[in-house]
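Fold and geometry: a report
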Amino acid sequence: SSTMGHTLEELDPRVAHVAKWLVAVGDAVATGDFDGDGRLDLFLTHPLGTPEHHAGLYRNLGDLRFERVAVPALERFATRYKQEGLAGGGTFVDWDGDGDVDLAVAVAFGPVRLLRNTLRETGTAGFEDVTEAAGVTDHAVSLGLTFLDYDRDGHLDLLVLNAMTTHLPDYPTPTPLNLFQLPAPEYEGDRRMLRFMHDGWHDANNGGHNALYRGRGDGTFERQDVAALGLPETHWSLAVSTVDLNHDGWTDLYVANDFGPDDVYLNEAGRHFRHVVGKRFGEVGRDTYKGMNASVGDFDRNGWLDVYVSNVHHALQAEGSLLWMVEPGEDPFVPRFKDEATFRGALNERRFGWGAAAGDLDDDGWPDLVQANGMVDARLDAPRWRIPEGQRNDYWYVNHKLMQSGPEVHTYADKWGDIRGRVLYPNEARRVYLNLGDARPGHFVDVAREVGIDAPDNSRGVLMADLDDDGDLDVLVTNQHAPVSLYRNTLRAAATDAKPDAHFVGLSLVGDGQRTHRSAVGTRVVLSYEEGGKRVEQVREVGLMGGFSASADPRLHFGLGRHAGPVKATLHWYGAEPQEVTLEADRYQEVRQPAGPTARRGGR
């Protein structure tokens, strides 16, 4: 649980009237086994909570029970948020490759934080802050970060997404953006410190540069020139999927951006990224939407991982989600992307969409979707800021004219309407899009009410993970103004509970640390078996970010439906030779990469 604090009142008073908009994000969840006991633990961030709840680590005790674990290194900076920034997300991964799971924390208005796990060295799980020693000290305004091996050298690289500009644009010397401490005016009419809002509602280009740090393999990182690598855009980036979109063996990027088009970057052998932009509106890279989320899954089981992007579908922003169905293109290097969200029943209409997650909820062999919705309500500020009797409390009622103004007006925060006491598409029901599978492959129906996940709130991140190890995926949803919502999937009572139509297989991969990083990030798995006389193939890829403000289960989970026998799996180890294995149904299994050539297959 989390107690609500006074963060909104602590921002610089010059932005108090729009604070609820500015800090409407940051409620995030990550999962990983930090103490090595075999259970998935949780890391939660909650910027609007009391300072001690801004960031917390929770040990999994089993049976969906958790206890808070003291982490002095984490709490030391999380409670100094006015000076060092607000924690706004996290990722568990063994980024230093020593065999235990470390933690990286996304931070807004300060450097991101790298916390190294000391379990391997001391025998006791614990974290020390090694941010400065690791060389990751740049100012960030980040709601998400992830790791990938973009150059295939066997070391994890760090990608930090920056939503807003990291530095105020009009000052002669670099001036970091910190909403708690904006610069004082230097002359009469000085408004430079207030010019940080987006410069467009459909083509904003004044966000921060995303930062890419190349891992050296010794726990330190080197910042790369993102423009030289082909990543020069300054969009308002919120989420990223690291996935091999074109099947060439190199990890690509799908970056979801608020207030404008998303970015698809195809990896050119670790040396450069090619920015893919379609020729006309409606094609990939030409959307004008409010991209909040990026989740991947092979929703139609054609062997290509598709991308689901949640957006807003309301008055003045009637856009809705994108569902990019991916298939081979005319150019072998560039796949074809076709948005079929409306056609396939996944538009998320009449909702203010945020994070989502993809996974097989009913273990039928077809990936489903869970979608979080709802912007902001007035539960925190209504007592102090009562809207006069007879006046609408809808924020667009006071702010729609600003939306129609030019960037010379709406990029300045002092021109925005007062949101205190007002609401903006608040407390909306979540959606559970169940894949219709064999009946209509890759088409969806909303069953949130039927499964009990439709409770309305202002929700942000969605974690879909088997937190009780019984073979089905549980769901955790973070909420802006309340504690998290945790839902136990009752499909199976235990991993060995063999229901006739809900078999599964779970897989943990461990790379050799030379050709493939120990985390196996970037490794693609193709599962195959016979069902009803037909060959079935399912595809998953190891990645760390499951969607906006949420990580993914580090294990790969495959629903098998009625198939109860062994399955074949082809493991396309990232940067190395594939391996074929046989896996037993209804259990989790670990596969370690076999010994092989020591020469790395990198791009340098």
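Computed from a predicted model, the values in this text were never measured in an experiment.

Before going further, it helps to examine the packing of aromatic side chains. Within the structure shown, the criterion is met by 22 aromatic pairs. Measuring from ring centre to ring centre gives 6.4 Å for Trp-21 and Trp-201, while their planes differ by 80°; the resulting arrangement is edge-to-face. In this pair, Trp-21 is assigned in helix 2 (residues 19-22) and Trp-201 in the loop between strand 11 (157-161) and strand 12 (211-215), connecting sequence segments 180 residues apart. Of the two residues, Trp-21 and Trp-201, neither departs from the other in class, the shared state being buried. Within the aromatic cluster, the residues linked to one another by ring pairs are Trp-21, Trp-201, Trp-236, Phe-259, Tyr-395, Trp-396 and Trp-416. Against the face of Tyr-171 rests Arg-192, its NZ or CZ located 4.2 Å from the ring centre. Note that Arg-460 overlies the ring of Trp-354, its terminal NZ or CZ placed 4.2 Å from the centroid.

Where burial is concerned, most of strand 2 (residues 41-45) is hidden: 5 out of the 5 residues are buried. Where strand 1 (residues 28-32) lies against strand 2, 5 bridges are found, and the strand directions are antiparallel. Note that in strand 2 the partner of Ala-28 across the bridge is Thr-45. Where strand 2 lies against strand 3 (residues 55-62), 4 bridges are found, and the strand directions are antiparallel. Across the sheet, residue Phe-43 finds its bridge partner in strand 3, namely Leu-57.

Note on placement: Thr-131 falls in helix 6 (residues 131-134). Residue Thr-131 is classed as buried on the basis of its relative accessible area of 3%. Only 2.9 Å separates the side chain of Thr-131 from the backbone nitrogen of Leu-114, close enough to count as a polar contact. Setting aside its immediate chain neighbours within four residues, Thr-131 contacts Val-112, Arg-113, Leu-114, Val-136 and Thr-137.

Attention now goes to the UniProt feature "domain: ASPIC/UnbV" (unreviewed entry) in the protein. The UniProt record marks residues 520-580 with the feature "domain: ASPIC/UnbV" (unreviewed entry), using the residue numbering of this structure. Strand forms 57% of residues 520-580 and helix 0%; the C-alpha atoms that close the span are 16 Å apart.

A few words on the sheet that holds strand 25 (residues 368-373). Spatially, 4 strands are ordered 24-25-26-27 in an open sheet, and the strand pairing comes out antiparallel. Either end of the sheet is taken by a strand with one partner, and the two such strands are strand 24 (353-359) and strand 27 (444-446). The average undirected angle you get between the axes of adjacent strands in this sheet is 20°. Here 5 bridges tie strand 24 to strand 25, and the two strands are oriented antiparallel to one another. Bridge assignment links Ala-356 to a residue of strand 25, and that residue is Gln-371.

Another aspect to go through is the domain arrangement of the protein. By the assigned domains, the protein splits into domain 1 (7-487) and domain 2 (503-592). The straight-line distance from the C-alpha centre of domain 1 to that of domain 2 is 25 Å. Interface area for domain 1 against domain 2, summed over the two sides, is near 3600 Å², with a carbon-plus-sulfur share of 55%. The interface formed by domain 1 and domain 2 holds 2 salt bridges in total. Here Arg-518 ties to Asp-94 by a salt bridge, and the two come within 3.6 Å at their closest N and O atoms. Elements with a contribution of two residues or more to the side of domain 1 that touches domain 2: strand 1, strand 5 (86-93), strand 10 (144-148), strand 14 (236-243), strand 24 and strand 28 (459-465). With 6 residues, the top contributor of residues to the side of domain 1 that touches domain 2 is strand 28. Residues that form the side of domain 1 that touches domain 2 fall into these classes: 30 nonpolar, 20 polar and 16 charged.

Attention shifts here to the nonpolar core. By size, the foremost hydrophobic cluster in this structure holds 86 residues, and its most contacted members are Val-15, Trp-21, Leu-22, Phe-196, Leu-253 and Tyr-254. Sorting elements by how many residues they give to this core places strand 14 first, with 5 residues. Counting the residues that make up this core, at least three belong to each of domain 1 (7-487) and domain 2 (503-592). Leaving out residues up to four positions away in the same chain, Tyr-254 has contacts with Ala-239, Val-240, Ser-241, Asp-262, Asp-263, Val-264, Val-284, Ala-294, Val-307, Val-309, Leu-322 and Trp-324.

Counted under the stated rule, the structure contains 43 salt bridges. Asp-12 is the partner of Arg-14 in a salt bridge, and the nearest nitrogen-oxygen pair spans 2.9 Å. For Glu-577, the salt bridge is made with Arg-515, and the minimal N-O distance between the two is 2.9 Å. Taken together, the positions of Glu-577 in the loop between strand 37 (567-572) and strand 38 (579-583) and Arg-515 in the loop between strand 31 (503-510) and strand 32 (524-531) put the pair 62 residues apart, joining distant regions of the chain. We classify Glu-577 as partly exposed; its relative accessible area is 35%. A single network of salt bridges, built from pairs that share partners, joins Arg-80, Glu-84, Arg-113 and Asp-129.

Basis of the calculations
Residues numbered from 1 in each chain as written. Predicted model: local features only at pLDDT ≥ 70, side-chain atom pairs only at ≥ 80, totals over all residues. Heavy atoms only, no water. Phe/Tyr/Trp six-rings, centres within 6.5 Å; stacked < 30°, edge-to-face > 60°. Helix = DSSP H or I, 4+ residues; strand = E, 2+ residues; numbered from the N terminus. Buried < 20%, exposed > 50% of the residue type's maximum accessible area, 1.4 Å probe, protein only. Lys NZ or Arg CZ within 6 Å of the ring centre and 35° of its normal. Pairing = 2+ DSSP bridges. Polar contact = N/O pair within 3.5 Å; in protein donor to acceptor, adjacent residues only side chain to side chain. Contact = heavy atoms within 4.5 Å. UniProt positions renumbered as here; feature names shortened; annotations may be inferred. Axes fitted to C-alpha atoms, helices over the stretch in contact; angles between N-to-C directions. Domains from an automatic or database assignment. Buried area = accessible area lost by both parts, 1.4 Å probe. Salt bridge = Lys/Arg side-chain N within 4 Å of Asp/Glu carboxyl O. Nonpolar A, V, L, I, M, F, W, Y, C, P; charged D, E, K, R; others polar. Core = buried A, V, L, I, M, F, W, Y, C linked by side-chain atoms within 4.5 Å.

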